[in-house]
Amino acid sequence: MGRLQKDIAVTAMLILLSGWSLAQRDPGVRGGIQNTGGGLQQQGIPIPHPPLISPHPVTGATVNHNERASFLEGILRAGQLEATCDTCNDVTDGSPVPGELDPQFPQIRTNSNGTGARHNADQCFVCHAQPQLGGSGGFIVPNPADPVPQHAENPQFRLVPHRFDRQNIVPSFEKQYGPIREVRFKYKPDGTRDGGVHQLWTVRGSTNDPTIPNCALTQPDFEAELRAGNLAFRIPLQMTGLGLIESIQDREILAQHDATAALRELLGIGGHPNRSGNDGTITRFGWKAQNKSITMFAGEAYNVEMGITNELFPTATEEDPDCNGPNKPLPNDVVRTDRDDHDNKAFDNPLHILPDWMQFQVMMRFTDGPAPDPNPSKSAQHGRTIFADIGCSLCHTPQMQTAPVMLSPVLQDRPVNLFSDLMVHHMGARLADDIIQGQAGPDEFRTTPLWGVGQRIFFFHDGRTADLLKAIRDHFSPATAKYPASEANAVVHRFNKMSPEEKQAILDFLRSL
Amino acid sequence: MISELKLRQSATLVLFLASSAGVGAGQVSREFYRTFAVSPSESLSLQVGLLDGDLRIGYARDGEIAVAVAAQDPTRLDLETLASRLVIAQTGNNLEIWERPGTGSQNLNLTYTIDVPYRTEVHASVRRGKQTITGIMGPVSAETGIGDIEVSYISLRVAVTARTGNLNFEVVGGRIEARTGQGTISCQRAPQGISAETEDGDISLMIVGPSTATVKRGAGRIDAGGLRGTFVASTDAGHLHVKAVPHEDWHLSSMSGTIRVELPPTARCDVDAGTTSGDVFINRKDVERIGEDVRHVCQKINGGGKRIEVRTLSGNVIVT
C-alpha cells in the first residue's frame, strides 16, 4: 500500500470513527439491566418491592397505618402463585413457595381457587417485575432455587407455559430474551372484528390437579394467525404511580390539552380522550386508555390474564367443565360473606379478608410513581429542554396536578410527573394494531407515560424494540390508504434534523426518567 | 441495647437532632426529618435503642432511610434538649439510632418513624413505648419494657419480648418467638408457626403453622383457628378453643378451663380426651360415643387420623 493510499485509509478510518463517536445511541436501561428486576434475581438478590407513595411534597402527608397495611397486603397477594384449585398447589396453603420470584417472600394463598383454564400467567409479578415488582414486563429467573444458576429470561418462554408440567406449545413470537407478549386477534374467522385477548396457555396436562384429568383444551393456532397477520401484541405496562394518575381530574387533563392547542395545531397534532361508555368520563389506563380505573384494571386483568373470576368480572373466559374442576365456585375471588361455607374454609381459612383483586388496586393506588435519576447528567438536563423545544412535550405532558381534595391526603393536590397527556392520538400505519377499544381507533394509542422509561426494556405496545432511538423514529408514519399520517411526524422530523449531540441529549434525558 | 463504647469506636457520621430542621420549604415545623442513602444492592441492618416513645419502622422504598421524630404536642418539643440525647450513626448499610441513658423523654409523647428498604434487618429496644414494625424482610428482634409490639408483613423470623404489653403479629413468613410478662398475644397468618407464651393474658392464633401457645397463670384463654401444623396449647384457669382441620397432631391442656374442639364434619382424627373432675362431651350427631366413662373418651372419628389429645383437671371437654 502506497503512502497516499495509507493516508486515505487512515483518514477514512478517522472519519468513520468520528462518525461513530458522534452517532447517538440509546444508553440502555438506567443502572444496567443486571441491576434491575431479574438481573438482580439471578445474582441471588430479591427483586425490589414497589415503592410506597412518597410523602406529600408540600404538606408532608403520608399514608396512614391502614393504607400502608393494605399496600403491603397487595404486594403479598400479587406475589402469590395461583394453582387451579385450593388443594392442588404443591405447597401447603400459606407456605412460602420455594423457587419462586423471591424465595424469602411469603406467598400466602387466601380465598381464590386460582388459575383459569385459559390464562396468560399465574402470578401478577411474573409480568410486572422490571425494574422492581409492580413494574413493567421484564425477565425473571425461571427457578431461583435451581442449583445450576439460571439467567433471567422471558417467563413466557419456559416458566409459565410448562408450570406443573402443562402441555403448552410456545408460540414463535415469545422469544427467550424478548418481550412478554399477549395477543389479541384482529378479526374473527367470519371477517368481523374480534379485538379480544386470546390467552396463550391452558391448564391441560397439569400434574398437580387431579380434578381435571380429562381437560383436553387446545391452544389457538397462533402460528396460523401470525402468518395471516391477524395478531396484535401487547406488552405489560408498569403498575407504579397509577394511583396518582387516577387522582387527576378530567378538567386538569382537558385544561392541559387546551393549553397546547395552538402549538399542536401548527405541528398537526390532535388527540382526544377515550371516554367511558358508562359515565362519559375520561378513561386513562391501558395502551389505548381503555380502562376507567385501576380497580377496573385489577379485576379485568385477574380474569383476562390469569383466568380468575371475581365480582367485577364474574364470568370465566373458558367454561369447559373438564378444565375447571368440580368444586370451583364462580366467581372464585370474592368478598367473603359466608360464615361456615360448604367447603370448610371456615375451618381452614377463618379470616374474612378482602379478595385479591381489591387488594391489587389498593397496592397500585399507593405505589409511588417511578423515581427519576436523582443526579441526571448535563446531557440529560439539556435533553429535557430540547424535549420540550421540539414538541415532544405537547403530547408527553411533563406534569399534571391531582385533584384538590382526595379521600387520602397523600394523593391530593400534588404534581404527577407522568409525561403523558392521557389522550389518544393517531400514530399511523407503522404502529397501528387494527384494534378498536372504546373511542380509540385502530391506529390510535394513549400517549404512553414516560416516567419510568429509563428502566424499561421494551417499547411500544408490541415490544417491537429495546432501542429507544428506534422507538422515537417509529413514531413517524406517512399516511396510507387505510390510516392517516402519524400525529408525531412533524416532531420526529424536527428530531431527525437535530445534531447527534442533541439527539443523544434527548436519549439521555429519557433514560433519566 | 447498643453500647456507647461501640458507637465511639465506629467511624460514623453522628447526627444530632439540632442539626436538622423543617420538613419542607415554606413549612414551620419542629419535627425532625432526615434521610440517609443506603446501597440498594445490600441488606440494611437497623439497630434502635430508645428509652421512651413510640417507634414505627416500615417499608417505604429501596435505597433510602427516612427518620422522623414528632411530638404529640409540637410546641413542647425541645430540639436542643433532644439533641443531647439522641444519636444517629451510619456506617454503610448499618444504621444505629439510640437515646443516651438517663435522658428519658417522659411527657413528650415522642413518635419515631423510620422508613426503610424492604431488605432490612431490625433489632429494636424500647424501654417504654409502643413498637410497630411492618413490611420488611427481617429478621426482626424487638423488646420492650412496657408497651405493645405490632409486627406485620415480615418475610423472615421474628423474636419479640415484652415485660408488659400486648403482642400482635400478622403475616410473618418465618418462625415467631413471642414472650410477654403480662399481655395478650395474637397472631394471624404465620406459615412457619409461633411459639407464644404469656405469663398472664389471652392468646389468639389464626392460620398458623406448627405452634405452641402457653398461658402460664390466670384466666387467660387460648383461641386457635385454621391451624396448619402441630399445635401444643396449655392454659391455667382459662378456656381453650380450637376450630380447625386437624392437619397434624394437637395437644391441648388446661388446669381448670374448659377445652372446646370444633372439627369440620369430614375431619378424620383420633380423639383422646380426658378430665379429672369435669365431663367430656361429644356433641356430634355423626359420632357415636364409645364407652361409659364420662371423664375420658378415646375413639376414632371418620375412620381416624391425626391425634388430638385433650387434658384438663377440673374443666370440661367439648368436641363438636
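Residues numbered from 1 in each chain as written. Chains lettered and ligands numbered in written order. Predicted model: local features only at pLDDT ≥ 70, side-chain atom pairs only at ≥ 80, totals over all residues. Heavy atoms only, no water.

Peer 1: If you had to explain the overall build of chain B to someone new, which residues and values would you point to?
Peer 2: Secondary structure assignment for chain B yields 2 helices and 29 strands. Residue burial in chain B is summarised as follows: out of 320 residues, 52% are buried. For chain B, the proportion of contacts with a sequence separation of at least 24, taken over those separated by at least 6, is 42%. For chain B, the accessible surface area stands at approximately 13,100 Å², while carbon and sulfur atoms represent 49% of it. (Helix = DSSP H or I, 4+ residues; strand = E, 2+ residues; numbered from the N terminus. Buried < 20%, exposed > 50% of the residue type's maximum accessible area, 1.4 Å probe, protein only. Contact = heavy atoms within 4.5 Å. Areas by Shrake-Rupley, 256 points an atom, 1.4 Å probe, with all protein chains shown as cover.)

Peer 1: So, the environment of Q24 of chain A: which residues are in play, and what are the values?
Peer 2: Inspection of the secondary structure assignment puts Q24 of chain A in the loop between helix 1 (3–22) and helix 2 (37–41). Once you skip the residues sitting within four places of it in the chain, Q24 of chain A turns out to touch L469, R473, P500, K503, Q504 and L507 of chain A.

Peer 1: How would you sum up the interface of chain B and chain A? Please name residues and give values.
Peer 2: Contacts between the two partners involve 40 residues from chain B and, on the opposite side, 41 residues from chain A. Among the residues of chain B in contact with chain A, Y59, R189 and R228 of chain B are the three that bury the most area, contributing 20% of the side total. Counting across the interface, chain B meets chain A through 3 salt bridges. Across the pair D368 of chain A and R61 of chain B runs a salt bridge whose closest N-O atoms are separated by 2.9 Å. Those elements giving two or more residues to the side of chain B that touches chain A turn out to be strand 4 (54–59), strand 10 (131–134), strand 12 (149–154), strand 16 (185–190) and strand 18 (203–208) of chain B. Per element, the largest residue contribution to the side of chain B that touches chain A is 3 residues, and it comes from strand 12 of chain B. Split by residue class, the side of chain B that touches chain A holds 17 nonpolar, 14 polar and 9 charged. (Buried area = accessible area lost by both parts, 1.4 Å probe. Salt bridge = Lys/Arg side-chain N within 4 Å of Asp/Glu carboxyl O. Nonpolar A, V, L, I, M, F, W, Y, C, P; charged D, E, K, R; others polar.)

Peer 1: Any chance you could break down the confidence of the model for chain A for me, citing the residues and the numbers?
Peer 2: For chain A, the mean per-residue pLDDT works out to 89, and 88% of the residues sit at or above 70. Every residue in residues 15–21 of chain A scores below 50 in pLDDT, and together they form 0 contacts with partners more than four places removed in sequence or on other chains. (pLDDT = per-residue confidence, 0-100.)

Peer 1: Residue-level account of the packing of aromatic side chains, with values.
Peer 2: All names here are of chain A. Summed over the entire model, instances satisfying the criterion amount to 10 aromatic pairs over all chains. Consider the rings of F139 and Y177, whose centres lie 6.1 Å apart with planes at 85°: the pair is edge-to-face. Here F139 is found in the loop between strand 1 (118–119) and strand 2 (182–185), whereas its partner Y177 is found in the loop between strand 1 and strand 2, with 38 residues between them in sequence. Classification of Y177 as partly exposed rests on a relative accessible area of 45%. Each ring, one from F173 and one from F222, has its centre 6.0 Å from the other, and the planes form 85°; the classification is edge-to-face. Taken together, the residues F173 in the loop between strand 1 and strand 2 and F222 in helix 4 (residues 222–227) connect sequence positions 49 residues apart. The same class applies to F173 and to F222, which are both buried. Members of the aromatic cluster, connected to one another through ring pairs, are F173, F185, F222 and F233. When the ring centre of F233 is taken as origin, the NZ or CZ atom of R181, which lies over that ring, is 4.6 Å away. Residue placement shows K503 over the ring face of F495; its charged tip is 6.0 Å from the ring centre. (Phe/Tyr/Trp six-rings, centres within 6.5 Å; stacked < 30°, edge-to-face > 60°. Lys NZ or Arg CZ within 6 Å of the ring centre and 35° of its normal.)

Peer 1: Residue-level account of the state of the cysteines, with values.
Peer 2: All names here are of chain A. Under the criterion given, the structure shown has 1 disulfide over all chains. Linked covalently through their sulfurs, C215 and C323 form a disulfide whose S-S length is 2.1 Å. Around the S-S axis, the bridge from C215 to C323 shows a dihedral of about 95° and counts as right-handed. Here C215, found in the loop between strand 3 (201–202) and helix 4, pairs with C323, found in the loop between helix 8 (294–304) and helix 9 (345–348); they are 108 residues apart in sequence, far enough to count as distant. (Disulfide = S-S within 2.5 Å.)

Peer 1: Run through helix 10 (residues 356–365) of chain A, naming residues and quoting values.
Peer 2: Residues and elements named next belong to chain A. In terms of burial, helix 10 is largely enclosed, as 9 of its 10 residues are buried. Every buried residue belonging to helix 10 is among D356, W357, Q359, F360, Q361, V362, M363, M364 and R365, and all of these are buried. Buried residues along helix 10 sit in contact with helix 3 (65–79), helix 5 (242–246) and helix 8.

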